[in-house]
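Listed here are the chains, written in short residue letters.
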Amino acid sequence: MPYLSDQTFQNLSSSDFQIGEYDTCDFNGCDFSGLDFQGSSFENCTFQDCDLSNTKVFKVSFQNVRFERCKILGVHFNTSNPFLLEFRFENCQLDYCNFFNLQLKKSQFLHCRMLEVDFSQADLSGASFMGSDMSGTVFDRSNLEKADFREALNYRLDPEINKVKGARFDLEGLPGLLGKWGIRVG
């Protein structure tokens, strides 16, 4: 398997991608939709303006990987290699992605659209969701201690079944915490 380091890849399509180990590489404007990344690993890499919708990431390693302005629909990150898993998503579309049971401490989901994302049983302690639209996102027995939900929109989470100690919320986010009890704010 090839090892590629300190390279920039632009406008690649799925047929141009080579399974390999990528270290400190940048992917710009690439269309990897539907691609099976199995066998690849990414360390200290950045994806900008890429389409990764419906990619297969079974056993793929993501260590300190950053996604900016990417379209990432329906990706089952819960099947990726959990060892040293670390993400940063910024201005991305993450609809229908699955992060079930992953260790995502201090991960960042900044100003993203995250419709119906599954974070069930995930450890998101210290994670940031600032400015993200989280309609239909599922938090079930998730660790959200010290997570930051300021400026986040449309989330619903039950403080009785999720750990929320030290989490930060705006006043505008109170309906997302109180909805279970039928309490209206404002």
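Residues numbered from 1 in each chain as written. Predicted model: local features only at pLDDT ≥ 70, side-chain atom pairs only at ≥ 80, totals over all residues. Heavy atoms only, no water.

Peer 1: Explain the overall build of the protein chain here, please?
Peer 2: When its secondary structure is counted, the protein chain shows one helix and ten strands. When the helices and strands of the protein chain are placed in sequence order, the string is β-β-β-β-β-β-β-β-β-β-α. Rg of the C-alpha trace for the protein chain: 17 Å, near the compact-globule value of 16 Å for 186 residues, within the 12% margin. Considering only C-alpha atoms, the protein chain reaches an extent of 55 × 25 × 25 Å along its principal axes. For the protein chain, buried positions account for 46% of its 186 residues. Surface exposure of the protein chain reaches about 9,300 Å², of which carbon and sulfur atoms provide 46%. (Helix = DSSP H or I, 4+ residues; strand = E, 2+ residues; numbered from the N terminus. Rg over C-alpha atoms; globule rule 2.2 N^0.38 Å. Buried < 20%, exposed > 50% of the residue type's maximum accessible area, 1.4 Å probe, protein only. Areas by Shrake-Rupley, 256 points an atom, 1.4 Å probe, with all protein chains shown as cover.)

Peer 1: Just checking my understanding: could you explain the sheet that holds strand β5 (residues 41–43) for this structure?
Peer 2: Strand pairs in the sheet, formed through backbone hydrogen bonds, run parallel or antiparallel to each other. In spatial order, the strands read β1-β3-β5-β7; together these four strands make up an open sheet with parallel pairing. Each having just a single partner strand, β1 (3–5) and β7 (61–63) make up the two edges of the open sheet. Going from strand to strand, the sheet's axes swing by 10° on average, the running direction of each strand aside. Where strand β3 (residues 21–23) lies against β5, three bridges are found, and the strand directions are parallel. Directly across from E21, in β5, lies its bridge partner S41. (Pairing = 2+ DSSP bridges. Axes fitted to C-alpha atoms, helices over the stretch in contact; angles between N-to-C directions.)

Peer 1: I keep staring at the packing of aromatic side chains and nothing clicks. Help me out?
Peer 2: For any pair of aromatic rings, the description rests on two quantities: the centre-to-centre distance and the angle between the ring planes. Tallied over the entire structure, the rule returns 40 aromatic pairs. Summarising the aromatic geometry, the rings of F89 and F99 are spaced 6.1 Å apart at their centres and angled 75° between planes, so their arrangement reads as edge-to-face. Taken together, the positions of F89 in strand β9 (residues 87–90) and F99 in the loop between β9 and β10 (108–110) put the pair ten residues apart, joining distant regions of the chain. According to the relative accessible area criterion, F89 is buried, its value standing at 0%. (Phe/Tyr/Trp six-rings, centres within 6.5 Å; stacked < 30°, edge-to-face > 60°.)

Peer 1: What exactly am I supposed to notice about the pattern of salt bridges here?
Peer 2: Oppositely charged side chains are able to pair whenever their charged atoms sit close together. Under the counting rule described, the total for this entry stands at eight salt bridges. Among the ionic pairs, E68 bridges to R66, the shortest N-O distance being 2.3 Å. Residue R66 is classed as partly exposed on the basis of its relative accessible area of 29%. A cluster of three or more residues bridged by salt bridges with shared partners is formed by R66, E68, R88 and E90. (Salt bridge = Lys/Arg side-chain N within 4 Å of Asp/Glu carboxyl O.)

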